[in-house]
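Listed below are the residues making up each chain.
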Amino acid sequence: MVTDVLRRNKELYARLMTEEMGKIIRESLTEVEKCANCCDYYADHAGSFLTDRIIPSDAGKSFVTYEPMGVILAVMPWNFPFWQVIRFAAPALMAGNAALLKHASNVPGCAVALEEIFREAGLPENLFRTLIIPSQLVEEVISNPLVSAVTLTGSEQAGSRVAAAAGKNIKKSVLELGGSDPFIVLDDADLEKAVKTAVVSRMINQGQSCIAAKRFIVHQSRIDEFTEKLQDAFENLKTGDPSDPGTDVGPLARQDLVDEIDSQVKRSLQLGARLVTGGRRPDREGFYYLPTMLSDITPEMPVFNEETFGPVAAIIAVKNDDEAICVANDSEFGLGGSIWTADKQRGEALARKIKTGSVFVNGLMKSDPRLPFGGVKKSGYGRELSDYGIREFVNIKTIWIE
């Protein structure tokens, strides 16, 4: 079984991720285990998710059946090099499809290892194949008559190109793209819990996560205390070697990512943001950037209106709940978000007003095999995980019998 292979080689796969893209080792280990849990979930539930559904009609018998679509191409990113692939492959394969993987060019070892995992687990030959090809050939693969659909997790630009190619060939696509997730702290929030989670949500994977909290929208009565506590937490994080279990913040994956996040910070400062902490590259070799906080943020600043893929938190003060929702929705993205309040009913009511694919009240925004995952607006379309995800790549066929 795939789960057995993953767990048996957990340390090997974790080291591979850390070596190729800089994820700190304890997060790499957690990622492998999360992949195994996802496989367990679909092994337990795929059958019930795909059972024929009887629908009363004018027929003697009418029902919906779920049939595999065929070969599905997955274009996957480097930031969660095992998880992003497994969360697609587990439901797609359990639904009876075959999978082709075009992984990011900077994680070739992970790409090859994933194919080996499925082969070692005993899946039929060629049911899951990795393609070591440049991005320029993706459109050609999509246009191949043997490929039925495509899914992509990545940037808005990459998603637009893949969606265009799929549309040109009249093939289904699912896109999970960027995010600028709001982290809303209301006036009655438990600040200790909120700050502790804020650190994890912003710093996971060195901030290189589509669902990381990026815009911290805080009621003005709590802004000073929240900022002080978060600053203290950021300044106590240990930046260092990602293979060291004691490291909290490792390097970014590439030099261009460091340059981009540094540019976003500098341009925001030029527009009037205030630097609370960080804001520079540390004096050490590697693709590092210090945990950074900016306050006095306005909508025209890059740290507000662009996706920040690095360890940078933008702090925004608001007067009331209505303004918090207005600021949260003032984004081209709509992937996830969270609300922090002592009043769960208040949190639920506000969650319904946020235009995203997910909102967590008093909890870390995360992907979970049990819950559908995906976005709206420029964060993409379609859903992964849960029963919704496994039905994305099936033919939902109606059968009517007299």
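Residues numbered from 1 in each chain as written. Predicted model: local features only at pLDDT ≥ 70, side-chain atom pairs only at ≥ 80, totals over all residues. Heavy atoms only, no water.

**Structural notes on the pairing of strand 6 (residues 147–153)**
Buried residues dominate strand 6, accounting for six of its seven residues. For strand 3 (residues 71–75) and strand 6, the ladder comprises five bridges, and the chain directions are parallel. Of the residues in strand 6, the one forming a bridge with V71 is V147. Read from strand 6 through helix 7 (residues 156–168) to strand 7 (residues 172–176), the crossover connection turns out right-handed. (Buried < 20%, exposed > 50% of the residue type's maximum accessible area, 1.4 Å probe, protein only. Helix = DSSP H or I, 4+ residues; strand = E, 2+ residues; numbered from the N terminus. Pairing = 2+ DSSP bridges. Right-handed = clockwise from strand over helix to strand, strands pointing away.)

**Examining unusual backbone geometry**
One non-glycine residue, I170, adopts positive backbone phi at about 50°. Mapping I170 onto the fold places it in the loop between helix 7 and strand 7. Judged by its relative accessible area of 78%, I170 falls in the exposed class. Positive phi outside glycine occurs at L385, with the angle close to 70°. Along the chain, the position of L385 falls in the loop between strand 17 (380–381) and helix 14 (386–390).

**Looking at the layout of surface pockets**
Over the atoms a probe the size of a water molecule is rolled, and this reveals where empty space is left. Taken as a whole, the largest pocket holds about 1,100 Å³ of empty space. Lining the largest pocket are 42 residues, with W78, G154, S155, Q157 and A158 positioned closest to its centre. At six residues, the largest contribution of residues to the lining of the largest pocket is made by helix 7. Looking at the second largest pocket, it is lined by 29 residues, and the ones nearest its centre are E27, F80, V200, I204 and L364. Broken down by secondary-structure element, the contributors of at least two residues to the lining of the second largest pocket are helix 3 (25–49), helix 4 (83–94) and helix 8 (191–203). By residue number, the principal contributor to the lining of the second largest pocket is helix 3, which donates five residues. Of the residues contributing to the lining of the second largest pocket, the split by class is 15 nonpolar, six polar and eight charged. (1 Å grid on protein atoms, 1.4 Å probe; cavity = no way out; pocket = protein on both sides within 12 Å on 5 of 7 lines; lining within 4 Å. Points joined across faces, edges and corners; volume = space filled by probe spheres on them. Nonpolar A, V, L, I, M, F, W, Y, C, P; charged D, E, K, R; others polar.)

**Brief notes about the packing of helix 2 (residues 10–21) against helix 5 (residues 108–120)**
Running from N to C, helix 2 and helix 5 point in directions that differ by 155°, and their axes come no closer than 9 Å. On the basis of the axis angle, helix 2 is roughly antiparallel to helix 5. Between helix 2 and helix 5 the crossing geometry is left-handed. Seen from helix 2, the contacting residues are Y13, L16, M17 and E20; seen from helix 5, they are P108, G109, C110, A113 and I117. In the contact of helix 2 with helix 5, the residues fall into seven nonpolar, one polar and one charged. (Axes fitted to C-alpha atoms, helices over the stretch in contact; angles between N-to-C directions. Parallel < 35°, antiparallel > 145°, perpendicular 65-115°, else oblique. Left-handed = near helix turned anticlockwise from the far one by under 90°. Contact = heavy atoms within 4.5 Å.)

**So, the side chain of H103**
With respect to the helices and strands, H103 occurs in the loop between strand 4 (98–102) and helix 5. Judged by relative accessible area, which is 5%, H103 ranks as buried. At a separation of 2.8 Å, a polar atom in the side chain of H103 contacts the main-chain carbonyl oxygen of P81. When near neighbours in sequence (up to four residues on either side) are disregarded, H103 contacts M76, P77, P81, V85, A111 and L114. (Polar contact = N/O pair within 3.5 Å; in protein donor to acceptor, adjacent residues only side chain to side chain.)

**Things to note about empty space enclosed by the protein**
Across all of its chains, the model carries four cavities of 30 Å³ or more by this definition. Surrounding the largest cavity, 13 residues form its lining, F88, P91, E384, G389 and F393 being those nearest its centre. Where the lining of the largest cavity is concerned, the elements lending two or more residues are helix 4 and helix 14. Here the lining of the largest cavity gets four residues from one element, more than from any other, and that element is helix 4.

**Overview of the packing of aromatic side chains**
Under the counting rule described, the total for this entry stands at nine aromatic pairs. With 6.5 Å between their ring centres and 85° between their planes, F88 and F393 make a pair best called edge-to-face. Of this pair, F88 sits in helix 4 while F393 sits in the loop between helix 14 and strand 18 (394–401), and the two are 305 residues apart along the sequence. The exposure class assigned to F88 is buried, which follows from its relative accessible area of 5%. On the accessibility criterion, F393 (7% relative accessible area) is buried. Here K34 stacks its cationic end above the ring of W83, 4.5 Å away from the centre of that ring. Above the plane of the ring of Y288 lies R284, whose end atom (NZ or CZ) is 4.5 Å from the centre. (Phe/Tyr/Trp six-rings, centres within 6.5 Å; stacked < 30°, edge-to-face > 60°. Lys NZ or Arg CZ within 6 Å of the ring centre and 35° of its normal.)

**Details of helix 4**
An ideal rise of 1.5 Å per residue puts 16 Å on 12 residues; helix 4 measures up with 16 Å between its terminal C-alpha atoms. Of all 12 residues in helix 4, 11 are buried; the element is thus mostly enclosed. Residues of helix 4 that are buried include every one of W83, Q84, V85, I86, R87, F88, A89, A90, P91, A92 and L93, and no others. Looking at the residues trailing helix 4, positive phi occurs at G96, about 100°. (Expected span 1.5 Å × (residues − 1).)

**Some thoughts on the environment of I261**
If you trace the backbone, I261 turns up in helix 10 (residues 255–270). Residue classification places I261 among the buried residues on the basis of a relative accessible area of 1%. As for I261 and I72, which are separated by 189 residues in sequence, their C-alpha atoms are 34 Å apart. If we ignore the near neighbours within four places in the chain, the residues touching I261 are L252, Y289, T308, F309, G310 and V312.

In short, the description is geometric, and any link to function would need to be established separately.
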